Amino acid sequence: MRVPTSVYPQTTPASVEVNNLVNFAAHIPVISQQNQASAHDFFASNVNVTPPPASDHFVPSERVTLSVPKTKVVDPYTQAFIDFIYENPTTYHAAEYFAEELTKAGFTYISERVSWKNKLTKGGKYFTTRNGSSLVAFVIGANYTGGNGAGMIGCHIDALTAKVKPISKKPVVEGYTQLGAAPYAGAMSMTWWDRDLGLGGRVVVKDENSGIIQTKLIHLPYPVARIPTLAPHFGAAANGPFNPETNTTPIIALEPNDPAENELRPDEVGAPLAGRHNIRLLRVIAKELGVPVKSLLNFDLELFDTQKGTVGGLEQDFLFCPRIDDKICAFAAVNGLLNSCEEYAVTGNSINVVALFDDEEIGSLLRQGAHGGLLEGSLTRVVDALGNGATMQQTYANSFLVSADVIHAVNPNFMNAYMQYHMPRLNVGVTVSCDPNGHMTTDAESLAFLEEVARRTNNTLQYFQIRNDSRSGGTIGPMLSSSMGCRSIDMGIPQLAMHSIRACTGSRDVALGIKLFQGFYEEWEDVDYYVRSGEKM
């Protein structure tokens with residue numbers, strides 16, 4: 001979604017409005033110094049003090065109202081991101097959302113199944129998808145020549161979640177209906193307990209009349225599940241350790257009073273999923289999709305936090321939101337491409353690309369992950385169609401990749417976990433991620449490249465590297481840059497509480513990410529010209 005550039009007005013601290021406070025001091029006698037010896041002496045010497053008048057009805061206290069800062073306007077990009085996360089809770093929904101936004105901006109969808117030879121033109125804008133959960137979009141400059149490179153930003157759009165098991169039906173436990181679910185990456189940790197969990201994903205359905213098989217997305221519009229904690233009153237049992245198979249099973253209902261509700265109805269007999277999943281769950285899914293239960297062939301469903309994101313803090317400095325990692329960088333990258341695509345399509349000499357992948361949180365080894373070749377395959381097909389015999393090796397040598405994934409903001413309660421001078425702050429700028437052991441792709445040349453882009457576009461960069469006594473996380477950067485042999489840098493928007501069910505970043509960080517990524521798409525070609533001019537033969 002393209003949103004006008006935001007303006008951040010100056011703000012004043014929140015005011016406190018106190019109206020019609022009762023002057024209780026008028027009813028309280030002043031204790032003189034000579035009467036401070038004891039309470040007995042005081043009251044003995046003040047026997048004629050008249051007490052406050054009694055009331056024969058309840059008198060409520062006067063309320064103190066805190067006013068919301070009226071000069072602080074939520075950045076439109078921030079609000080758009082909040083809405084995007086709330087309305088698109090799963091990877092499948094996110095991929096479809098971005099496809100819709102690209103289509104609105106004039107991008108043409110091209111299926112991987114068809115030939116691209118006669119479908120691509122210079123000055124064109126295109127995108128393709130895979131598995132409904134990964135996407136590559138690109139703009140071909142009108143002046144593109146074979147062998148010229150690509151300016152790429154790669155992100156992931158999967159997030160920690162709990163996935164419904166292939167057979168999710170569970171035995172009834174003391175009247176509770178439960179759902180078999182498994183953690184994806186590090187989900188179902190303690191931050192997932194006692195949360196209102198929704199259910200959504202994709203469902204494969206078959207039309208009973210035509211026999212056509214298709215995929216539909218589902219997002220139940222209310223909380224469905226909860227993983228309840230054990231009250232601390234139970235002692236040791238409430239403190240763990242907890243078994244992830246037996247102690248984290250979500251509850252989704254109470255058993256019905258009429259046992260017949262759990263029986264198959266005549267029109268449900270022979271349903272492919274009957275017996276594998278609770279029939280009442282299947283009925284809810286079928287009703288939401290507007291199909292019979294017998295039409296449900298299979299599904300990829302997951303649980304997620306239903307609470308909507310919001311800005312917070314005394315001055316609305318924070319963004320509290322689920323699934324920030326790494327949808328925030330994906331959102332910023334797509335908007336950066338959209339904001340720059342019209343001009344680049346007319347004046348560009350190369351290819352601008354955004355790639356959004358699934359499965360990063362579990363290693364990227366599936367076909368919809370960064371190891372699946374979707375990005376490399378898409379570029380190869382562009383070069384084959386328009387490159388006049390140029391090689392991919394030449395194309396990659398002239399390319400530059402930004403691997404964009406969230407990074408750790410400094411946590412004031414755990415300063416000892418950070419290295420001095422490597423403490424990214426919120427609402428300052430995108431952070432460059434460094435690692436000496438190859439977990440990040442940043443090196444001196446790629447860093448100098450991006451710093452030049454930042455200077456040209458008035459962006460502030462921050463820097464992070466993990467301490468020597470800790471291990472760095474990983475990104476899609478190393479696998480993509482090694483596959484293509486292109487220059488690369490790792491960077492991302494800083495956030496607190498990474499991999500919690502609900503995290504925190506700055507309320508201006510979405511816009512700051514878009515500003516930098518848009519600047520990259522607009523400036524990388526020119527920066528590369530000067531880099532190439534200085535290279536030794």
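As a starting point, this report considers the structure included with it. (Residues numbered from 1 in each chain as written. Predicted model: local features only at pLDDT ≥ 70, side-chain atom pairs only at ≥ 80, totals over all residues. Heavy atoms only, no water.)

Attention shifts here to the nonpolar core. Of all hydrophobic cores here, the largest spans 65 residues; its most connected members are Phe98, Phe107, Val402, Leu450 and Phe520. Once you skip the residues sitting within four places of it in the chain, Phe98 turns out to touch Phe84, Leu135, Ile157, Ala330, Phe331, Val334 and Leu356. Among the nonpolar cores identified, the runner-up in size contains 33 residues, and Leu220, Ile227, Leu281 and Leu289 belong to it. (Core = buried A, V, L, I, M, F, W, Y, C linked by side-chain atoms within 4.5 Å. Buried < 20%, exposed > 50% of the residue type's maximum accessible area, 1.4 Å probe, protein only. Contact = heavy atoms within 4.5 Å.)

Close contact between helix H2 (residues 76-87) and helix H10 (residues 509-533) brings their axes to 7 Å; oriented N to C, the two are set at 105 degrees. The angle between the axes of H2 and H10 places the two elements in the roughly perpendicular class. Across the interface between the two elements, Tyr77, Thr78 and Phe81 of H2 pack against Val510, Ala511 and Ile514 of H10. Within the contact of H2 with H10, the residues separate by chemical class into 5 nonpolar, 1 polar and no charged. (Axes fitted to C-alpha atoms, helices over the stretch in contact; angles between N-to-C directions. Helix = DSSP H or I, 4+ residues; strand = E, 2+ residues; numbered from the N terminus. Parallel < 35°, antiparallel > 145°, perpendicular 65-115°, else oblique. Nonpolar A, V, L, I, M, F, W, Y, C, P; charged D, E, K, R; others polar.)

A word on empty space enclosed by the protein. Applying the stated criterion to the full structure yields 5 cavities of 30 Å³ or more. Reported here for the largest cavity is a volume of approximately 150 Å³. Among the secondary structure elements, those contributing two or more residues to the lining of the largest cavity are strand S12 (296-305) and helix H5 (324-347). Here the lining of the largest cavity is composed, by residue class, of 11 nonpolar, 3 polar and 3 charged. (1 Å grid on protein atoms, 1.4 Å probe; cavity = no way out; pocket = protein on both sides within 12 Å on 5 of 7 lines; lining within 4 Å. Points joined across faces, edges and corners; volume = space filled by probe spheres on them.)

All right, on to the side chain of Ser168 then. Inspection of the secondary structure puts Ser168 in strand S7 (residues 161-169). Since its relative accessible area comes to 2%, Ser168 is described here as buried. Of the polar contacts made by the side chain of Ser168, one reaches the side chain of His277; its length is 2.7 Å. Filtering out sequence-adjacent residues up to four positions away, Ser168 remains in contact with Gln178, Leu179, Gly180, Arg276, His277 and Leu281. (Polar contact = N/O pair within 3.5 Å; in protein donor to acceptor, adjacent residues only side chain to side chain.)

The next thing to look at is the pattern of salt bridges. Within the structure shown, the criterion is met by 20 salt bridges. Close ionic contact of Glu342 with Lys125 constitutes a salt bridge, the shortest N to O distance being 2.6 Å. Taken as a pair, Glu342 in helix H5 and Lys125 in strand S4 (residues 125-130) lie far apart in primary sequence, 217 residues in all. Two residues, Glu255 and Arg280, come together in a salt bridge whose shortest N-O distance is 3.1 Å. One end of the pair, Glu255, is in the loop between strand S11 (251-254) and helix H4 (279-289); the other, Arg280, is in helix H4, and 25 residues separate them in sequence. For the pair formed by Glu255 and Arg280, the shared burial category is buried. Each of the salt bridges in this network shares a partner with another, and the network as a whole consists of Glu452, Arg455, Arg456, Glu523 and Asp526. (Salt bridge = Lys/Arg side-chain N within 4 Å of Asp/Glu carboxyl O.)

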